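Commentary on secondary and tertiary structure
Now for the letters of each chain:
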Amino acid sequence: MKKMLNKANLYWLLFCVGGYALLMGLMSAGIIDAVNQTVIQTIIVNIILAISLNLIIGITGQFSLGHAGFMCVGAYSAGVMLKQIGGLNGFFIGILIGMVINAVLALIVAIPTLRLKGDYLAIATLGFGEIIRIIVLNMDITNGAAGLVLPRVVDFTILFVFMVVALLIVVNFTRSAAGRACISIREDEIASEAMGINTTKYKVIAFVIGALIASWAGALYAGNFYVINPGMFTYSKSIDILVIVVFGGMGSMTGSVISAVVLGFINSFLQSFSNMRMIIYGLALVMIMVFRPSGLLGTREFKFSSLFKRFTKKKEASQ
Amino acid sequence: MTVFFQQLINGLSLGSIYALIALGYTMVYGIIKLINFAHGDIYMLGAYFGFLAITYLHVGFFPAILISMALCAILGVVIERIAYKPLRNATRIAALITAIGVSYFLEAGTQQVMGTSVRAFPQVLNNQVFNIAGLRITEQQIYIFVTTIVLMLILQFIVKKTKIGRAMRAVSTDSDAARLMGINVDATISITFAIGSALAGAAGVLVGIYYSSINPLMGMLPGIKAFIAAVFGGIGIIPGAMFGGFFIGICEAIVSGYGGSLFKDAVVYIILIVILVIKPAGLLGKNVKEKV
Amino acid sequence: SNDGGGTTDEKVSIGLHYELKGDAADYGNAELRGSQLAIKLANENEDYQFTYEGIEYDNGSSENEAITISQRLISDGVVGVIGPSTSAPSAATYPILNDAQTIVVSPSATANNQTLVDPDDPNSDVYEYVYRVCFEDSYQGAAMAQFAVDTLGVQKVAVYGSVSSDYAKGLNTAFTEQLEKLGGQVVANESYQDGDTDFSAVLTSLASQEFDALYIPGYYNEAGLIIQQARELGIDCPIIGPDGFDANTLVELAGADNLNDVYFTTAYTTVDASEKLQAFIDAYTEEYGEAPAMFAALAFDATNLLIEAIEKAGTTDKATVNETIANMEFSGVTGDFTFDETHTPNKSVLVVELVDGVQETAVSVTPE
Amino acid sequence: MTILKVSDLTRNFGGLCAVNNVNMEIDEQELIGLIGPNGAGKTTLFNLLTGVYEPSSGKIELNVDGQMKSIGGMKPYAVTRLGLARTFQNIRLFKDLSVLDNVKIAMHKNIKYGVLAGIFRLPAFYAEEEKVEKEAINLLKIVRLDHKKDEFAKNLPYGEQRRLEIARALATHPKILFLDEPAAGMNPQETGELTALIHEIKEKFKVTIILIEHDMSLVMSICERIYVLDYGKCIASGSPEQIKNHPRVIEAYLGEEI
Amino acid sequence: MLEIKNLNVYYGVIHALKDVTMCVNEGEIVALIGANGAGKTTLLHTISGLIRPSQGEILFLGKNIVKAKTRNIVEAGITQVPEGRRTFSGLSVYENLLMGAYLRKDKAQIKEDLEKVYERFPILKERSSQDASTLSGGEQQMLAMGRALMAKPKILLLDEPSMGLAPILVKEIFKIIEDIHAQGTTVLLVEQNARMALSIADRAYVLETGKIALSGTGEELSNSEEIQKAYLGG
Ligand SMILES: Nc1ncnc2c1ncn2[C@@H]1O[C@H](COP(=O)(O)OP(=O)(O)OP(=O)(O)O)[C@@H](O)[C@H]1O
Ligand SMILES: Nc1ncnc2c1ncn2[C@@H]1O[C@H](COP(=O)(O)OP(=O)(O)OP(=O)(O)O)[C@@H](O)[C@H]1O
Ligand SMILES: [Mg+2]
Ligand SMILES: [Mg+2]
């Protein structure tokens, strides 16, 4: 128990609770307006997506372009249950169903395709994501291309809690023996196997955890943003998530968080440029990557301790 | 049975288009291992360059295609210098993100400059229809098919048999060692991009003529299909890209020709996955286990 | 200062919330022009008391963006919003604008029950502040079936529609239902994706089947190519479609020669143009150098509807303006109409025939 | 007691027979040298023994708790779990990870908490992690790298990387340790240090060691027995003295004088 | 022929070469020895223009080449056989050899030189159509040397040519180096195998953590006690 309350964990706990209280306060005081509230909601969903993909791509080194498919399953499970049962009950039942479906699907994809490497894996997973979407597009219960129009049942608190839980799971996972195994697969699969690590097993575990968390993101999206349709879950969505991950720094969870925040606000800021928006966004992506090729944080994590170190160093220097 | 063969022809001509785009794509990939997501958009711009040349300069088919190829080559080189070169020592996935940025920029930029609407491509090639044994083949289909094969052969020749092709391959395996041989690595990569992009330009014009319709987002779908075709055939392998393109085209045609149009993409993906599981390096790829 | 024809200095803001980039950009941009023209003309109108200003945003054809843009528009203090063009962003937009009691007039969100809080439940409440000036998919789908059976004498129909849009899906369902009700039959149901350009495989297989008409629920970008390829493959039966056919692009893509025996449902036609319509066409052509198509006309009407209501109410108070709209009799370039209880216009459906690519006749059809 | 037995092992690559009917029998705690010209198939033999390649034919048996168990064609991780560990001819460290993490990863098979315990930070997690850290540092001390535990592996000089690879292999608790050209690229002095280290490891961990090396000063000074491969075939085996004077070995490998 | 003056090279903050001054005269074999990480490869890379020094001069035949591009340096007559061979996989042996003559335009002459290389390394002729990556280590080393010879260098820079080779091949490689030298090519040889290197070198330098620590004739250094202890394991 004592060990759990070490300094770093305490800082993060404070940061989460403090962050929540602060955002809540600013929202109810109206200092964060409706637009920015929506931006924050989008960012939270993107954070969950990004860290779940980061676990697969950044930590385990498996290039997957099918993440939108898992999000799609999560969104539709929650959406259909919201329609059938309604309310938060329906929503949570939907999440559970989504997780079950995704776990099964992830296993079905992972076991044969994770033998593939690099771009071959990317294409196989992309194809898989598209297959999910096409199935959803052709089902009755999902209402086909028209999609589902849904009531908003999710609030900021639910979003925040899911985000924190997702972060905890992913971060704790990466800092355990299993996470180290995944990282070693990314670094050198042959050496990793020679060190006694069942690489297939850990790839599958990472893939399944990623898929499950992605399904939360889908559900939260459905419960928060009024409408879902298959057109939202094409491979371009997978690529959007990939952009967040790479931009933040592959393998860096705090990087993904910061990147989702930065890109979310850049996007929101660009809205006032009306139809120049996408042009500027494209240029911005190029520029950012050219100047920071390994992403905002590289593979490093943002650490309070290093911040303090830097801070105290500066102080010392100034004294 | 006639219908089946007709569908085969339909598929082959659709596949030729995927193949045409995939050729340039796979070549660039083969040399610098970059997934050039903007390749489809260069193809789109190729179509627009051809369109503008025909509409405003009133040129015919061949000048139009040459103009388009030249402009696309320049564009490809410029993009490479600005967006990809600074990332040569970064991870491949970082370069992929810039490629996506370039793609957004080209798409939105073209929407801005040329308008968002579909343009009808001027018909500068006549299109005679041949009926052979009950099968319908158009002159344009033959054009596209033959162009694809010829370009594949030319590319293969350039990469495998010429000095510049050897330099390209040398750069792709070890750029520092290539430098020690006196190879100008930057120039070699630029030439690779120029050739790949010029091919995309040619594809753009041919497709414009074939379907008589172009729009700023026309590169998205074929771009991704070309990527799939390239992977399917064994990425970096030039004939592989062609076969991959043919395969996808024929698959789509047969599936939708026999009532499965709703699921045509799903079927293509399923076959793709199955084949990759059996042959993890693609159809023509050699499954070399890394030597340790 | 008084730079327009308005009589007060008060600038009234109208939100123009469109798909300017992305998949649906073609429709959004056409509508943006229609709206801009309406605002320009209103500001030149001496009789109007207010000066209007359009606040433009691009939702990039994304539902998620549509939400923040709606919120921006609310905080920008608009009286009403015109847009979005397509159904999905619209569905994400309405609850927000409606909650903020901001009027929405949609030019082209045609999905069935789109203006209801729960579109799956026909008995659910209507959004109090949401209107549209286009008719519902089911309405024109049914009308086309009616026309096909009654006028064209069609029994067997092949349907080749888009899978990517709810528009096509709604049309298809309504068309099939009505056709079967009238004793006809859908003998083949095929689909394409928006953005496809090669339709030869499906058309080849259709060419070997027997049917009396080909129904293409979808937009002109693909329909134009389908018609061209179908005609080349020797499918020479009547080709029928929805208002998505209405654009010059259709003629450019299909080729005028191939556009014979082609019929589509619409609310907007240049056949026997009224004075009002002609004035719009002239003004639009002068402004943008090309003739307007349906989307521009619908947006023009939607914008004018809001402006007229504000003028008529004489105030920018949103509740008052809203009440005015609900009871208004509007006369626009896409017809004269009032709103029913679902805030959808009571408009008659016209079926237009194309001869050599030119709109030749327009007859009014009401589904039974 | 025999710990590893190889019978009639063969591996073909296309038309090339890289390992051809090789037989070996190795006792517990022996120190074996494997030499032969470039391309003779030494590394390939290692790859077969450690599961990287599947044998085309032949048998590999490992003594597991007193029983001879066939391990040919097993996955590398499974082989490692049974007690075989290796280093690579071309260094394959986890370059972008810290020295300490490199060792910790290799201790994977002995970690006794599951994925869920890791995610939910159950007490088992903390207890095991502490143990792992301690042992890892101990291992680093043995190869004299403990002062560099937080350095990225790629930033170590070449010789230290080689030592780290050995530490990493030891972390899997091997019964047999395979070293592929551990002294390549080292100068004579460094090679001398390495020789001492290998001795030390053998004594301390009671492991069997099989090493490939072209540096005869190392091979001849520490190996108890030597096998010589040429064109995939085992052309000689025996004590260093016997090998040094074996005419076929001199002809194919050593050259006239040594 | 090659003169290096006060050369300083940094990798970020690492000071890899510190004020290195040395020279190679025409017709010499000069050996450069030193421990791992001493900066030997760095020096060769700097000469070939792959790395830019922060300070110092490199004069080749009297011309400063510090700022020249690699291909101009190659053209001027400096060719390197890089550490670890680095033959081009995916290219056949024949194609690899042609890459060596990349900057040359004299087709007939190239063909003649190709025959000469084949004569020197008969095994390469046997394997001429085989993918270079499938060669054994020793064959790859010969290929790398053959490739460099195809450039017709005035001076050949060799980076640890004996690394990872069987003893019999080590001897052979050194014989070949002497042979190439005998036919008029100047050689700068970087080696870990100090004994062999010193035995064929006219002169030698010892590099220690980026600095030239010692220099002298091959014989002088072989007999120096310091060297004996540190590099010859004696
Ligand atoms: N994966 C592979 N595919 C094809 N050929 C291979 C493969 N691995 C090894 N070979 C070939 O097998 C032969 C033996 O190679 P191996 O690496 O075992 O040699 P080695 O004895 O370790 O030589 P060295 O001392 O140079 O390392 C070589 O000819 C090599 O080219
Ligand atoms: N790209 C690089 N980035 C940072 N440091 C480097 C880089 N390359 C080399 N170094 C460092 O510079 C120093 C000199 O390295 P160099 O490779 O020149 O040594 P060397 O004498 O050739 O060693 P070896 O005998 O191992 O080949 C070493 O400390 C090395 O770690
Ligand atoms: Mg070996
Ligand atoms: Mg070196």
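Here is a short report on the structure shown in this document. (Residues numbered from 1 in each chain as written. Chains lettered and ligands numbered in written order. Predicted model: local features only at pLDDT ≥ 70, side-chain atom pairs only at ≥ 80, totals over all residues. Heavy atoms only, no water.)

Comments concerning the overall build of chain D
On a plain count of helices and strands, chain D comes out with 10 helices and 10 strands. Taken over the C-alpha trace, chain D has a radius of gyration of 19 Å; the compact-globule value for 258 residues is 18 Å, and the two agree within 12%. C-alpha extents for chain D along the principal axes are approximately 60 × 40 × 35 Å. By the burial criterion, 60% of the 258 residues in chain D qualify as buried. Relative to all contacts within chain D whose residues are 6 or more apart in sequence, the contacts with residues 24 or more apart total 66%. Surface summary for chain D: the accessible area is close to 10300 Å², and the carbon and sulfur share equals 50%. Looking at charge distribution, chain D has the averaged site of its 32 positive side-chain charges lying 6 Å from that of its 34 negative ones. (Helix = DSSP H or I, 4+ residues; strand = E, 2+ residues; numbered from the N terminus. Rg over C-alpha atoms; globule rule 2.2 N^0.38 Å. Buried < 20%, exposed > 50% of the residue type's maximum accessible area, 1.4 Å probe, protein only. Contact = heavy atoms within 4.5 Å. Areas by Shrake-Rupley, 256 points an atom, 1.4 Å probe, with all protein chains shown as cover. Lys, Arg positive; Asp, Glu negative; His and termini not counted. Charge placed at Lys NZ, Arg CZ, Asp CG, Glu CD.)

Let's talk about the coordination of the magnesium ion (ligand 3)
All names here are of chain D. Here the magnesium ion (ligand 3) is held by the protein donor atoms Thr43 (OG1) and Gln89 (OE1), which lie 1.8 to 2.1 Å from it. One end of the pair, Thr43, is in helix α1 (residues 42-49); the other, Gln89, is in the loop between β6 (84-86) and α3 (99-106), with 46 residues separating them in the sequence. Classification of Thr43 by relative accessible area gives buried; the value is 11%. With relative accessibility at 26%, the residue Gln89 sits in the partly exposed group. (Donors = N, O, S within 2.8 Å, 3.2 Å for Na, K, Ca; no water.)

Structural notes on the coordination of the magnesium ion (ligand 4)
Residue and element names in this part refer to chain E. Summarising the metal site, the magnesium ion (ligand 4) is bound by the protein donors Thr41 (OG1) and Glu83 (OE), whose distances to it range over 1.8 to 2.5 Å. Taken together, the positions of Thr41 in helix α1 (residues 40-47) and Glu83 in the loop between β6 (78-81) and α3 (93-100) put the pair 42 residues apart, joining distant regions of the chain. The exposure class of Thr41 is buried, given its relative accessible area of 18%. Overall, the relative accessible area of 28% leaves Glu83 in the partly exposed class.

Thoughts on a nonpolar patch on the surface
A cluster of nonpolar side chains, Leu283(A), Met287(A), Phe291(A), Leu71(B), Ile74(B), Val78(B), Ile82(B) and Phe105(B), forms an exposed patch at the surface whose accessible area comes to about 730 Å². Of all the elements in the fold, those that place two or more residues in the nonpolar patch are α12 (277-291) of chain A together with α3 (61-84) of chain B. A total of 4 residues in the nonpolar patch trace back to one element, the largest contributor, which is α3(B). Assignment of secondary structure puts Phe291(A) in helix α12. (Patch = residues over 30% accessible without salt bridge, like charges linked within 9 Å, V, L, I, M, F, W, Y side chains within 5 Å. Salt bridge = Lys/Arg side-chain N within 4 Å of Asp/Glu carboxyl O.)

Considerations on the pattern of salt bridges
Residue and element names in this part refer to chain B. Under the definition given, this model contains 44 salt bridges over all chains. With a closest N to O distance of 3.6 Å, Glu80 and Arg81 form a salt bridge. On the accessibility criterion, Glu80 (1% relative accessible area) is buried. The exposure class assigned to Arg81 is partly exposed, which follows from its relative accessible area of 37%.

Some thoughts on the interface of chain B and chain A
At the junction of the two partners, chain B supplies 45 residues and chain A supplies 37 residues. Summing the contributions of chain B and of chain A, the shared interface buries around 3600 Å²; its carbon and sulfur component is 81%. The largest contributions to the chain B side of the interface with chain A come from Ile93(B), Ile97(B) and Tyr104(B), which together make up 18% of the buried area. For the interface between chain B and chain A, the tally reads 1 salt bridge. One salt bridge connects Arg92(B) with Asp119(A), and the closest N-O pair in it is separated by 2.9 Å. Where chain B packs against chain A, one counts 6 residue pairs in polar contact (both at pLDDT 80 or more). Of all the secondary-structure elements, those providing two or more residues to the side of chain B that touches chain A are α3, α4 (92-114), α9 (220-233) and α11 (264-278) of chain B. No other element matches α4(B), which puts 14 residues into the side of chain B that touches chain A. The residue inventory of the side of chain B that touches chain A, partitioned by class, reads 36 nonpolar, 6 polar and 3 charged. (Buried area = accessible area lost by both parts, 1.4 Å probe. Polar contact = N/O pair within 3.5 Å; in protein donor to acceptor, adjacent residues only side chain to side chain. Nonpolar A, V, L, I, M, F, W, Y, C, P; charged D, E, K, R; others polar.)

Here's the deal with the nonpolar core
One finds Ile228(A), Leu242(A), Leu4(D) and Leu211(D) to be the most contacted residues of the largest nonpolar core, which totals 319 residues. Setting aside chain neighbours within four positions, we find Ile228(A) in contact with Ala75(A), Tyr76(A), Gly79(A), Ala146(A), Gly147(A), Leu148(A), Leu150(A), Tyr221(A), Ala222(A) and Phe233(A). Among the nonpolar cores identified, the runner-up in size contains 105 residues, and Ala143(C), Ile226(C), Ile227(C) and Val365(C) belong to it. (Core = buried A, V, L, I, M, F, W, Y, C linked by side-chain atoms within 4.5 Å.)

A few points about the packing of helix α2 (residues 39-56) of chain B against α4(B)
Residue and element names in this part refer to chain B. Remark: α2 packs on α4, axes separated minimally by 9 Å, with the N-to-C direction vectors making an angle of 25°. Considering the angle they form, α2 stands roughly parallel to α4. Regarding α2 and α4, the two cross each other, and that crossing is left-handed. Here Asp41, Ile42, Met44, Leu45, Tyr48, Phe51 and Leu52 of α2 come into contact with α4, specifically with Ser103, Leu106, Glu107, Thr110 and Met114. Of the residues assigned to the contact of α2 with α4, the class counts are 8 nonpolar, 2 polar and 2 charged. (Axes fitted to C-alpha atoms, helices over the stretch in contact; angles between N-to-C directions. Parallel < 35°, antiparallel > 145°, perpendicular 65-115°, else oblique. Left-handed = near helix turned anticlockwise from the far one by under 90°.)

Looking at the sheet that holds strand β4 (residues 55-60) of chain E
All names here are of chain E. With antiparallel pairing, 4 strands are arranged side by side in an open sheet as β2-β1-β4-β5. The open sheet is flanked by β2 (14-24) and β5 (63-64), the only strands paired with a single partner. The pairing of β4 with β5 spans 2 bridges and is classified as antiparallel. Note that in β5 the partner of Leu59 across the bridge is Asn64. Of the strands in this sheet, β1 (2-11), β2 and β4 touch α1, which is tilted by about 115° from β1. (Pairing = 2+ DSSP bridges.)

Comments concerning the site of ligand 1
In the vicinity of ligand 1 lie 18 residues, with Asn38(D), Lys42(D), Thr43(D), Thr44(D) and Gln89(D) positioned nearest. The environment of ligand 1 is shared, with nearby residues belonging to chains B, D and E. Contacts to ligand 1 include Tyr53(D), whose side-chain N or O atom sits 3.0 Å from a nitrogen atom. Taken by itself ligand 1 offers 630 Å² of open surface, and the protein chains cover 85% of this. (Near = heavy atom within 4 Å.)

Some thoughts on the packing of helix α3 (residues 67-84) of chain A against helix α9 (residues 199-224) of chain A
Residue and element names in this part refer to chain A. Running from amino to carboxyl end, α3 crosses α9 at an angle of 45°, the nearest separation of the two axes being 6 Å. One way to sum up the angle between α3 and α9 is to call them oblique. Judged by the sense of rotation from one axis to the other, the crossing of α3 with α9 is right-handed. Judged by residue contacts, His67, Phe70, Met71, Gly74, Ala75, Ala78, Gly79 and Leu82 of α3 engage Phe207, Gly210, Ala211, Ala214, Ser215, Gly218, Ala219, Tyr221, Ala222 and Gly223 from α9.

Here's the deal with helix α1 (residues 2-32) of chain B
Residue and element names in this part refer to chain B. The end-to-end C-alpha separation of α1 is 44 Å, in line with the 45 Å expected for 31 residues at 1.5 Å each. At Ala22, α1 shows its largest kink, close to 30°. After α1 finishes, the residue Lys33 shows a positive phi value of roughly 55°. (Expected span 1.5 Å × (residues − 1). Bend = angle between axes of the 7 residues up to and from the residue.)

With respect to the pairing of β2(E)
All names here are of chain E. Where β1 and β2 come together, 7 bridges link them in antiparallel fashion. What sits directly across from Val9, in β2, is Leu17. Adjacent in sequence and paired antiparallel, β1 and β2 are bridged by 2 residues, among which Gly12 carries a positive phi angle near 60°.

Overview of the packing of aromatic side chains
A complete count under the given rule lists 48 aromatic pairs over all chains for this structure. Seen in terms of ring centroids, Phe145(B) and Phe246(B) are 5.6 Å apart; in terms of plane orientation they differ by 25°. Their pairing is stacked. On the criterion of sequence distance, the pair formed by Phe145(B) in helix α5 (residues 139-161) and Phe246(B) in helix α10 (residues 238-257) is long-range, its members being 101 residues apart. Take Phe246(B): its relative accessible area is 10%, and that puts it in the buried class. Measuring from ring centre to ring centre gives 5.1 Å for Phe125(D) and Tyr126(D), while their planes differ by 85°; the resulting arrangement is edge-to-face. One exposure class covers both Phe125(D) and Tyr126(D), and it is buried. Through successive ring pairs, a cluster of aromatic residues spans Tyr27(C), Tyr167(C), Tyr219(C), Tyr220(C) and Phe295(C). (Phe/Tyr/Trp six-rings, centres within 6.5 Å; stacked < 30°, edge-to-face > 60°.)

A look at the site of ligand 2
Residues and elements named next belong to chain E. In the vicinity of ligand 2 there are 14 residues, among which Gly37, Lys40, Thr41, Thr42 and Glu83 approach most closely. Between ligand 2 and Gly37 there is a distance of 2.8 Å, counted from an oxygen atom to a backbone nitrogen or oxygen. When the free accessible area of ligand 2 is taken as 630 Å², the share hidden by the protein chains comes to 66%. Broken down by secondary-structure element, the contributors of at least two residues to the shell around ligand 2 are β2 and α1. Considering each element in turn, the shell around ligand 2 owes the most residues, 3 residues, to α1.

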